[in-house]
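This is what each chain is made of:
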Amino acid sequence: MRTEISDILFNIETEYDVSLTDISREKYCKKIEVKVNFSEKTRPDPIFIRWSMPGKGIYTCWNPLETQDRTIYANWSMRKTESRSASSMPIQCYMGNDGFNRITVALSDVKTPIKIYSGVVEETADIDWTVELFSQKPEIMEEYYIELWIDMRLLPWQNIINDIKSKWLQAYNYFPKTISDAAYDPVYSTWYSFHKKINTERIIEDLKKAVKLGIKNIIIDDGWQTDDIGFGCSYCGIWKPALSKIPDMGAFVNEVHKLGMRIIIWIAVPYIGKNTTVWKRFSDRYLNGTRGDCASLDPRYPEVRQYLIQSLTYAVQEWNIDGFKLDFIDAFQLTDQSYDAEPDMDTLSLEDGVCMLLDEAYNSLHTIKKDILIEFRQGYIGPIMMRYGDMLRANDCPMDAVTNRIRILNLRITAEYNVVHSDMLMWNSEDTAEEAARQIINVLFAVPQISVYILEIPEQHYRMLKFYLRLWLEHKEIFMKGKLVLQKPEANYSLAYACLKEKVVAVAYSEKLLLIENSVNEIVFINGTGENILYIDYICGLVCFSYKIHNCTGTCIEEGKKIIGNGPERFKIPNSGAIFMKRID
């Protein structure tokens, strides 16, 4: 079936009755209504909608889970974005070297499994597009409605993403239910520093040092629930502490609370391990069979949801836990071994099952403790997930500062109301302080999560960590709530800055020039370039600023006064150091 809308020829591959209608209000911002009539109740097979558009001015691309691979693929391999309730969001963006949008494609439905494909036609320099609806089996339906958005407006790419994000949030009320202020506090994580070798005495001793740095939350990661110290999830599913590691969980929680900290525990939500006593109990309730060391529970069964929610509420009621790191929610996926329909299911839709689980868990937990903290990991960060998680954390990238930066900034673009956290920070004990500082410098626009054993890091590393955590805490409101501007996504974000209340905080990653176009009273400019020179171009008239330049351990190495506003001003700022400037009236 073919349909032409405003010079775009759509080819629809399906046996169902599908109609496309142009409901656009703007010439360069297409809104196309897609209606599917199945004539009878059915669980639909995939529907493919294909079209081509000129690739004029395209330089790079972006999607919510993008990292360092910004390859513009040919149409015989295609860039793919997968979206459903528990994974990503349906959007792809192509932009020019000027940072302006060229083509952005998005869809209104953020729940149903959908894939977007795009690739260059080598013979014509066009972009081939394909939208695959129902890429996994959805619920039974008689009809289906979705809007296809094709945005060709020549506007800054961030504006385009913000506009689509607003449509999702407002049209479907996917605003977060609550966000605890505690989600903005720095975190101590046991994962990289301890892995599964949880030792409560060592942890408490390290927390006494951590709390002096302004860290107020601790995440006890994988390992607390099992004597095992190996990789894998074969001991997941019984969410009670291993007595060899935590003899008395309630007492341990009390010790953490006495330090003025909150405690969050890790739960691998879908997984039941073969080495647990409940493995056989759920043998016919798994999405992926029983061949591996662990299996994913099927939330379409009320029994499964009840078991998981009881595990969570028990931890809050019995141990006074302050929150949960709910991991692997994106592992709720249909497979060839998933049951299609069973009498004990109360929904056939996996997406509905996931949403029911999260909704029931959210309500149960917040009834017990109103300010409970919930962390989700990058992957399951779409609009539906944003309703339930306070904290959205960058996906694991140990010691990869650049990837951590890209991931937290991608999250900041799409998560307007949730609190973005970095992946846990770690570094080599033999790094220089400047080298270690790069880990935290790259995540300053997120809440930092620290995962080094603080008592054992070198003194220079400790001084660096103290300096940068103090800097972050002092400017937290600007870093986290200021208007965020990102430059050059194709260069892994060459520079980022945020403005709030006539203050600007900026971090240079590869671009050394900070252009300030609006009058400000305070400037903080951090050097993450690896070199020793930065430039500030203040184009709001001649103004005198006092300034102090600090190295990465907090030592002030230069201070003075300077009139700026007559072109770019050069400042000698040490590698991993920062300049602090205040306007003099």
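The following paragraphs examine the structure supplied in this document.

Definitions and cut-offs
- Each residue is numbered by its place in its chain's sequence as written, counting from 1.
- Local features in a predicted model are, by the rule used here, given only for residues with pLDDT of at least 70; side-chain atom pairs are given and counted only at 80 or more, and totals for whole chains, interfaces and linings are based on all residues.
- Processing note: side-chain calculations cover all non-hydrogen atoms of the structure and skip hydrogens and water entirely.
- Definitions used for this entry: grid spacing 1 Å over protein atoms alone; cavity, a set of points where a 1.4 Å probe fits but cannot get out; pocket, an open set with protein on both sides within 12 Å along at least 5 of 7 lines; lining residue, one with an atom within 4 Å of a point.
- Grid points are joined across faces, edges and corners, and a volume is the space filled by probe spheres set on the points.
- Strands are runs of DSSP state E lasting at least 2 residues, helices are runs of H or I lasting at least 4, and numbering of each runs from the N terminus.
- Only Asp, Glu, Lys and Arg are considered charged, only Ala, Val, Leu, Ile, Met, Phe, Trp, Tyr, Cys and Pro nonpolar, and every remaining residue, Gly among them, polar.
- Within 6.5 Å between ring centres, the rings of Phe, Tyr and Trp (the latter by its six-membered ring) count as paired, and their orientation is classed by plane angle as stacked under 30 degrees, edge-to-face over 60, tilted in between.
- Note on exposure labels: buried denotes an accessible area under 20% of the residue type's maximum, exposed denotes more than 50%, and partly exposed covers the range between, all computed with a 1.4 Å probe on protein chains only.
- Put simply, a charge is over a ring when the Lys NZ or the Arg CZ is close to the ring centre, within 6 Å, and near the line of the ring normal, within 35 degrees.
- Two strands make a pair as long as DSSP finds a minimum of two bridges between them.
- Here, axes are lines fitted to C-alpha atoms. For helices the fit covers the stretch in contact, and angles between N-to-C directions go from 0 to 180 degrees.

Details of empty space enclosed by the protein
Unfilled space is identified by rolling a water-sized probe across the atoms. Here the structure, examined in full by the defined rule, presents three cavities of 30 Å³ or more. Of the volumes computed, that of the largest cavity is approximately 60 Å³. Considering the residues around the largest cavity, the lining is formed by Leu 326, Leu 358, Ala 361, Tyr 362, Leu 365, Ile 374, Phe 376 and Tyr 388. For the lining of the largest cavity, the secondary structure elements donating two or more residues are α6 (350–368) and β19 (373–377). When the residues that make up the lining of the largest cavity are grouped by side-chain class, the tally is eight nonpolar, no polar and no charged. Taken as a whole, the second largest cavity spans an internal volume of roughly 40 Å³. For the lining of the second largest cavity, the secondary structure elements donating two or more residues are α5 (302–319) and α6. If one sorts the elements of the lining of the second largest cavity by residue count, α6 sits on top with three residues.

Considering the packing of aromatic side chains
The geometry of an aromatic ring pair is captured by two quantities: the separation of the ring centres and the angle between the planes. Counted by the stated rule, this structure contains 23 aromatic pairs. Considering the side-chain rings of Phe 38 and Phe 134, the 6.2 Å spacing of their centres and the 55° angle between planes classify their relative orientation as tilted. With Phe 38 in strand β4 (residues 29–42) and Phe 134 in the loop between β11 (126–133) and β12 (141–151), this residue pair connects regions lying 96 residues apart in the sequence. In terms of burial, Phe 38 and Phe 134 fall into one category: buried. A ring pair is formed by Tyr 547 and Phe 571, whose centres lie 5.9 Å apart and whose planes are at 75°; its orientation type is edge-to-face. Within this pair, whereas Tyr 547 is found in strand β29 (residues 543–550), its partner Phe 571 is found in strand β31 (residues 569–572), the two being separated by 24 residues in sequence. Three or more aromatic residues joined by ring pairs form one cluster here, namely Trp 224, Trp 239, Trp 266, Tyr 314 and Trp 319. We note Lys 209 situated over the ring of Tyr 462; from NZ or CZ to the ring centre the distance is 4.5 Å. The ring of Phe 571 is capped by Lys 562, whose NZ or CZ atom sits 4.7 Å from the centre of that ring.

Some details on the sheet that holds β31
Judged by pairing direction, the sheet is mixed, and its three strands sit side by side in the order β26-β28-β31 without closing on themselves. The open sheet has two free edges, formed respectively by β26 (513–516) and β31, since each of these has just one partner strand. Each strand of the sheet is rotated relative to its neighbour by a mean of 25°, with strand direction disregarded. Relative to strand β28 (residues 533–538), β26 runs parallel, the two being bridged by four bridges. Residue pairing across strands places Ile 516 opposite Tyr 538, the latter belonging to β28.

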